[in-house]
Amino acid sequence: MFIRYSTKWTGVLFLLLPLVGVAGQALWRSGKAVGWWKGIPWPARLAHLALEMGVMLLLCWPWYGANWLFVLSNGWAYAETAHYYITCPAGSLCWWTAYLRLLPLQMSPFLCGLPLLSGWGSLDRREAVLWATYGSGYLLYTLVDIKDVRFTLPLLPLLAVLSAGGIQKACRWLEERWGAWALQRGVCAGLVLGCLALANLGRPLTPGVAPLWKGIQMHWQGQHPTQELTQWIQSLIQPGLTTTLGVLPNTELISSETLTYLAALQRWPVTFRAAGQTPWPELELSLLDGFVDAEGEQGIIGPYGPTKEQIRQHLRSSPDWRQDPAVELPTLGRLHTYFPRMPRVTVQKWPLEAGEVELVEVETLSELGIPAWKLRWQGPAQNLAQTLVWARLEDGQGRVLEKRAWVLGQNRLQLNLTGGWLVEEILTLPTTDFPRGGLLHLEWQSPKGIRHSLHQSWRGSLSSFPKEGSPLVTDPLFPLREAARAAAAGDLQALSLYLNAWTTLQYPTFLTDPDRILVRQLLEGERQQAAAQGQLSQQIQSHYQLGLLLAVLLQPEAAQLHFQQIVELDPEDEWARAYLGFLRVLFTHDFEGIRGLRQELSAVLQPLCRKADLDWDLNWICAAL
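Residues numbered from 1 in each chain as written. Predicted model: local features only at pLDDT ≥ 70, side-chain atom pairs only at ≥ 80, totals over all residues. Heavy atoms only, no water.

**Student:** Teacher, can you tell me more about the overall build of the protein here?
**Tutor:** Scanning the protein for helices and strands turns up 23 helices and 14 strands. Within the span of the protein, comprising 625 residues, buried residues form 47% of the whole. For the protein, the exposed surface amounts to about 31,500 Å²; the carbon and sulfur share of it is 60%. (Helix = DSSP H or I, 4+ residues; strand = E, 2+ residues; numbered from the N terminus. Buried < 20%, exposed > 50% of the residue type's maximum accessible area, 1.4 Å probe, protein only. Areas by Shrake-Rupley, 256 points an atom, 1.4 Å probe, with all protein chains shown as cover.)

Following this line, the structure appears as structure tokens:
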């Protein structure tokens, strides 16, 4: 489990076996020690070794401590996929030699054979250690399910040192055999190899990214893809709103990274996300504001191809989406953009008549066939962008059928606007259990903390069920809510998948709510309402959501408080106790002495050990406990 799930972001994994070897060598030498070291007892020697390893861990911890969340949010999900350009069956010859075949990309095909010269004659002790270090790193990274050429970059300095030693051996052999004349020819041959290696300069390590020389060549030919894309991105700006578009192609010139970079250079409120990176295409269709597609070559899509194709087919066939006229770019070809046929949010300037946010009108949209309303708000632009809204739908007996919480404008209103604005947004509360009549409760809170409410009856017939992938059936907090449910149930794989979806699809909200203060206030409002109504299960779910959100923001002290609240509300919740122990052991260190540490570690491992399908390393740890 450790090797499989936690190695994508551990750049010094290749040091694992060498460190074990150093530790074993130190212990072996200590057994043959003489002098003052011989009189030191074994426990003291082990303590000395543990101290050295602890110092190394402390030196690395600033990086690991800030990146632990990536392992939790993406590790399980990403480990199950082969990478874009390495799709060999596990255990095959292609699988074992994956990184060897990528070595010419890392070192240049003219230089990748130089390390073998170090084997000329006999290996000295230092060369043997270097080869053992490289071999152990290669073996460990090959055993990892995820294959990426970047992972083995820490091994390149070892190959450089081995190449230098091999060249030195070759030069010494040439000089001894044929004299200075041969040595001079050897030096010339080395210079020729170095010049040939420059041909590899500018080639990216990751396939799918345009090499440096291609950009220079296009510039010489009078082609300017950067300017073309920048002008096209400018046409996508929606005044007053931030826009997030999913990108279906992944070519050298059209990718989510390239487009986001160009938009960021101009400080435009447009971001792009690679489409198809979650297992749920309907979720991406519901949460993203639109999609970008291109004709012809789609680039490297790897395991995300089926999901991308499902999204593409849905966009072309669903009546909920419209395709804007294609844009022909001289260098890049035809680009297509898709947007919801009925916009979820629209903004227009409006005379500022009041200093407070007002709900002007609630219009029932019976034609949609599901409980839906168009809400019209007006007020100061900055206040609108920070107004929180809660909605719930009840039947005649007061039973809650569906509820929703969001930031006014679906968290898309820009914070730097001035003057008065009129905002129209569509609220849908889809449910498969809806009677002919019900009651809509709306409650909103302005940035000043003033709350308002409105209650409106709703009558009609449910003529259609909620459609998966419809841009109108959306809850921006859905991935976080599902991650909280998975955390409570101990489903770590679902927790990883939904956290990945949350950080991927909701990343653009950092433009409008950089510290997630508004989202936290939304969740706190739900928690307070559940506490006032005595709904214990809803309180626990709210604490899970807040705890995970704060963990995502790398605030372990604040996250710990919410898991403590869960344990107090439900002392039998072993998973909440496990997450609390995890935070205490690794981040807050809120325990007393060795005994407290043992208790926290036991709390972390206890629910894991009760799972039926244990990996071999976890099974061994549980057996030891």
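There's more to say after this.
**Student:** It is not clear to me how the environment of Ile370 should be interpreted in this structure. Could you clarify?
**Tutor:** Relative to the helices and strands, Ile370 resides in the loop between strand 8 (358-364) and strand 9 (372-380). Looking at Ile370, the relative accessible area reads 7%, which means it is buried. Once the C-alpha coordinates of Ile370 and Thr428 are considered, the two residues, 58 residues apart in sequence, prove to be 7.3 Å apart.

**Student:** Looking at this structure, I do not really get helix 7 (residues 125-143). What am I missing?
**Tutor:** Between the first and last C-alpha of helix 7 there are 27 Å, a value that for 19 residues agrees with the 27 Å anticipated at 1.5 Å per step. A side-chain oxygen of the first residue of helix 7 lies 3.3 Å from the backbone nitrogen of Arg126; this N-cap is Asp124. (Expected span 1.5 Å × (residues − 1). Polar contact = N/O pair within 3.5 Å; in protein donor to acceptor, adjacent residues only side chain to side chain.)

**Student:** Sorry if this is basic, but what is going on with the sheet that holds strand 14 (residues 451-459) here?
**Tutor:** Adjacent strands of a sheet form backbone hydrogen bonds with each other and so pair up, either parallel or antiparallel. One open sheet holds the four strands; their spatial order is 11-10-13-14, and the pairing between them is antiparallel. Looking along the sheet, the strands with just one partner apiece sit at the ends: strand 11 (400-407) and strand 14. Neighbour-to-neighbour, the strand axes of the sheet open up by a mean angle of 15°, direction not taken into account. Pairing of strand 10 (residues 388-394) with strand 11, which is carried by seven bridges, proceeds in the antiparallel orientation. Bridging from a neighbouring strand, Glu394 pairs with Val400 of strand 11. Strand contacts of helix 18 (residues 517-532): strand 10, strand 11 and strand 14, with the helix running at about 40° to strand 10, the strand carrying the most contacts. (Pairing = 2+ DSSP bridges. Axes fitted to C-alpha atoms, helices over the stretch in contact; angles between N-to-C directions. Contact = heavy atoms within 4.5 Å.)

**Student:** I keep staring at the pattern of salt bridges and nothing clicks. Help me out?
**Tutor:** Opposite charge on two side chains lets them pair, provided their charged atoms get close. All told, the structure shown has 23 salt bridges when counted by the stated rule. Asp293 is the partner of Arg316 in a salt bridge, and the nearest nitrogen-oxygen pair spans 3.8 Å. Highlighted residues: Arg316 in helix 14 (residues 305-317) and Asp293 in strand 3 (residues 290-294), separated in sequence by 23 residues. Salt-bridge contacts for Arg392 lead to Glu394; the nearest nitrogen and oxygen are separated by 2.9 Å. The exposure class assigned to Glu394 is buried, which follows from its relative accessible area of 12%. Salt bridges sharing partners connect three or more residues here, namely Asp293, Glu309, Arg312 and Arg316. (Salt bridge = Lys/Arg side-chain N within 4 Å of Asp/Glu carboxyl O.)

**Student:** Would you mind going over unusual backbone geometry with me for this structure?
**Tutor:** Most of the time, phi is negative for any residue but glycine, and the peptide bond is trans. A positive phi angle, near 60°, is found at Arg267, a position not held by glycine. Positionally, Arg267 belongs in the loop between helix 12 (256-265) and strand 2 (270-274). Residue Arg267 is classed as exposed on the basis of its relative accessible area, which comes to 76%. Of note, the phi angle at His589 is positive, near 55°, even though the residue is not glycine. Here His589 shows up in the loop between helix 21 (574-588) and helix 22 (593-609).

**Student:** Quick question: what am I supposed to make of the nonpolar core here?
**Tutor:** Soluble, globular proteins show a tendency: their nonpolar side chains are buried together. Phe291, Leu315, Leu495, Tyr544 and Tyr579 are the most contacted members of the largest nonpolar core, which totals 55 residues. Per-element accounting of this core gives the leading share, nine residues, to helix 17 (residues 492-505). Every residue in contact with Leu315, bar those within four places of it in the chain, is listed here: Leu248, Leu285, Phe291, Trp321 and Tyr338. If you look at the next biggest cluster of nonpolar residues, it comprises 27 residues, including Val362, Ala385, Leu408 and Leu442. (Core = buried A, V, L, I, M, F, W, Y, C linked by side-chain atoms within 4.5 Å.)

**Student:** Would you mind showing me how to read the sheet that holds strand 9 here?
**Tutor:** With antiparallel pairing, four strands are arranged side by side in an open sheet as 7-12-9-8. Across the chains shown, the open sheet's two edge strands, defined by having one partner strand only, are strand 7 (345-349) and strand 8. Taken pair by pair, the neighbouring strands of this sheet meet at an average axis angle of 15°, ignoring direction. Pairing analysis gives nine bridges linking strand 9 to strand 12 (residues 420-428), with the strands arranged antiparallel. Its bridge partner being in strand 12, Lys374 is matched across the sheet by Ile426.

**Student:** Can you help me understand the packing of helix 7 against helix 8 (residues 156-178) in this one?
**Tutor:** Geometry of a packed helix pair, given as the angle between the helix axes and the separation of the axes. Where helix 7 contacts helix 8, the axes come no closer than 10 Å and their chain directions differ by 145°. In terms of crossing hand, the pair formed by helix 7 and helix 8 is left-handed. Contact residues: Glu127, Leu130, Trp131, Thr133 and Tyr134 in helix 7; Leu158, Leu159, Val161, Leu162 and Lys169 in helix 8. Residues belonging to the contact of helix 7 with helix 8 are distributed by class as follows: seven nonpolar, one polar and two charged. (Left-handed = near helix turned anticlockwise from the far one by under 90°. Nonpolar A, V, L, I, M, F, W, Y, C, P; charged D, E, K, R; others polar.)

**Student:** Which parts of the structure should I look at to understand the confidence of the model for the protein?
**Tutor:** Summing up the model confidence of the protein, the mean pLDDT is 79 and the portion of residues at 70 or higher is 76%. By mean pLDDT, helix 1 (residues 2-5) is the weakest element of the protein at 34, and helix 20 (residues 556-569) is the strongest at 94. Below pLDDT 50 for its whole length, residues 1-12 participates in 36 contacts with residues either more than four positions away or in separate chains. Confidence drops under pLDDT 50 across residues 69-84; counting only partners more than four residues distant or on other chains, this segment forms 49 contacts. (pLDDT = per-residue confidence, 0-100.)

**Student:** Quick question: what am I supposed to make of the packing of aromatic side chains here?
**Tutor:** Here the distance between the centres and the angle between the planes together describe a pair of aromatic rings. Per the counting criterion, the structure on display carries 14 aromatic pairs. With a centroid separation of 5.1 Å and 85° between ring planes, the pair formed by Trp95 and Trp96 is classed as edge-to-face. Taking the relative accessible area as the measure of exposure, Trp96 reaches 36% and is therefore partly exposed. Consider the rings of Phe478 and Tyr498, whose centres lie 6.3 Å apart with planes at 80°: the pair is edge-to-face. (Phe/Tyr/Trp six-rings, centres within 6.5 Å; stacked < 30°, edge-to-face > 60°.)

**Student:** Explain the packing of helix 18 against helix 19 (residues 536-552) to me, please; I cannot follow it from the model alone.
**Tutor:** Two elements in contact, helix 18 and helix 19, have axes whose closest approach is 8 Å; the angle formed by their N-to-C orientations is 160°. Here helix 18 is positioned roughly antiparallel relative to helix 19, judged by the angle of their axes. Remark: the crossing between helix 18 and helix 19 carries left-handed chirality. Taken together, the residues of helix 19 that come into contact with helix 18 (itself represented by Val519, Arg520, Leu523, Glu524, Glu526, Arg527, Ala530 and Ala531) are Gln538, Gln539, Ser542, His543, Gln545, Leu546, Leu549 and Leu550. Its residues assigned to classes, the contact of helix 18 with helix 19 shows seven nonpolar, five polar and four charged. (Parallel < 35°, antiparallel > 145°, perpendicular 65-115°, else oblique.)

**Student:** Please clarify how the pairing of strand 1 (residues 243-247) should be interpreted in this entry.
**Tutor:** On a regular strand, each side chain points to the face opposite its neighbour's, so the side chains alternate between the two faces of the sheet. Counting buried residues along strand 1, five of its five residues qualify, which places the element largely inside the surrounding structure. Bridge count for strand 1 against strand 2 is five bridges, and the pairing is parallel. Counterpart to Thr244 in the pairing with strand 2 is Thr271. Handedness of the crossover joining strand 1 and strand 2 through helix 12: right-handed. Relative to strand 3, strand 1 runs parallel, the two sharing three bridges. Counterpart to Gly246 in the pairing with strand 3 is Phe291. (Right-handed = clockwise from strand over helix to strand, strands pointing away.)

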